[in-house]
Amino acid sequence: MEARPQELPGEDPQVLLRMLDPGLQVKHLHDAIRAGEADRRTSTRDDPANAPGTRDYFLRVRTLRQVLRKDLGWRRYDVNGLPLVINPDKTVGIGVAQGDAGTGIPTRQPKTRRPVGEIKKLLVQQNQLQLGLFDLPTDPAETKLSDEELARLETWFLLTYRFSKDGTVIVRNELSRAVMLDGKGYPSTWKPRIFLPPLEFEGVIDYIEGTDDGPEEFNVQVEER
């Protein structure tokens, strides 16, 4: 199975990613999406209905952390169960989340498929207010942040929207920073947004549409028009 990237109009995402880390590449983010997609497809109908989405999410998180740790020296950082990977300068953290049909479209503001939890709410508020909020991690394999470093940390999310069209699975994706929540707890304003090229995969024949229910599931859906 090979993903085929498509060009997305707008500013060069590679140039924008270098502003976060000189070595950060589109490939690092796309490798995580490809890994999740590949593992999703190992599920069978004998698995629980949420297995494809759960496998997808776990492999995206694992691969994103592995490639950034190996290639750029980033470190793991867990905040009460929310897995992030943080750059050596301790200024940028990246997590994984599922977006809605507005993901990857410059004229629309995406929302996550679910309201964010309390930890994510605090991270969004920190993006606005730059306040230190969390205890230091103690695992030596993870990074440690002082209060001052926490105050400078910006949290970004690799947002994806997965849908099927004409027998092909398409994943629109972007790396974006949430700065505002709506009244229902959904991130409603993202700024900045770095639009990444969409990925195409061969269609899945044997799947149950709309039944994934992983921690941040990636359902196959018909694109909203």
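Residues numbered from 1 in each chain as written. Predicted model: local features only at pLDDT ≥ 70, side-chain atom pairs only at ≥ 80, totals over all residues. Heavy atoms only, no water.

Would you mind showing me how to read the pattern of salt bridges here?
Any two side chains of opposite charge can pair, so long as their charged atoms come close to each other. Per the counting criterion, the structure on display carries eleven salt bridges. Put simply, arginine 40 and aspartate 56 hold a salt bridge, and the shortest N to O gap is 3.0 Å. Taken together, the residues arginine 40 in helix α2 (residues 26–40) and aspartate 56 in helix α3 (residues 51–72) connect sequence positions 16 residues apart. In this pair, the class of arginine 40 matches that of aspartate 56, namely buried. Here arginine 60 makes a salt bridge to aspartate 56, at a shortest N to O gap of 2.5 Å. Taken as a pair, arginine 60 and aspartate 56 lie in helix α3 at a separation of four residues, close to a single helical turn. (Salt bridge = Lys/Arg side-chain N within 4 Å of Asp/Glu carboxyl O. Helix = DSSP H or I, 4+ residues; strand = E, 2+ residues; numbered from the N terminus. Buried < 20%, exposed > 50% of the residue type's maximum accessible area, 1.4 Å probe, protein only.)

How should unusual backbone geometry be read in this particular structure?
For residues besides glycine, phi is generally negative; the peptide bonds are generally trans as well. Here the amide bond leading from lysine 191 into proline 192 is cis, since omega sits at -5 degrees, within 30 degrees of zero. Examined against the element boundaries, proline 192 turns out to sit in strand β7 (residues 187–202). A positive phi angle, near 60 degrees, is found at lysine 90, a position not held by glycine. For lysine 90, the position within the fold is in the loop between β3 (82–86) and β4 (92–98). Residues other than glycine seldom take positive phi values, yet aspartate 166 does so here, at roughly 55 degrees. By the secondary structure assignment, aspartate 166 is in the loop between β5 (154–165) and β6 (168–181). Since its relative accessible area comes to 77%, aspartate 166 is described here as exposed.

Before we go on, may I ask you to explain the side chain of glutamine 14 in this structure?
Examined against the element boundaries, glutamine 14 turns out to sit in helix α1 (residues 13–20). Classification of glutamine 14 as buried rests on a relative accessible area of 16%. Excluding its chain neighbours within four sequence positions, the residues that come into contact with glutamine 14 are Leu24, Gln25 and Val26. (Contact = heavy atoms within 4.5 Å.)

In this structure, what is going on with the packing of aromatic side chains? I would like to understand it.
The relative placement of two aromatic rings is captured by the distance of their centres and the angle of their planes. Under the counting rule described, the total for this entry stands at two aromatic pairs. Plain terms: the ring middles of tyrosine 57 and phenylalanine 58 are 5.9 Å apart, the flat faces sit at 50 degrees to each other, and that makes the pair tilted. Taking relative accessible area as the criterion, tyrosine 57 reaches 10% and is therefore assigned buried. (Phe/Tyr/Trp six-rings, centres within 6.5 Å; stacked < 30°, edge-to-face > 60°.)

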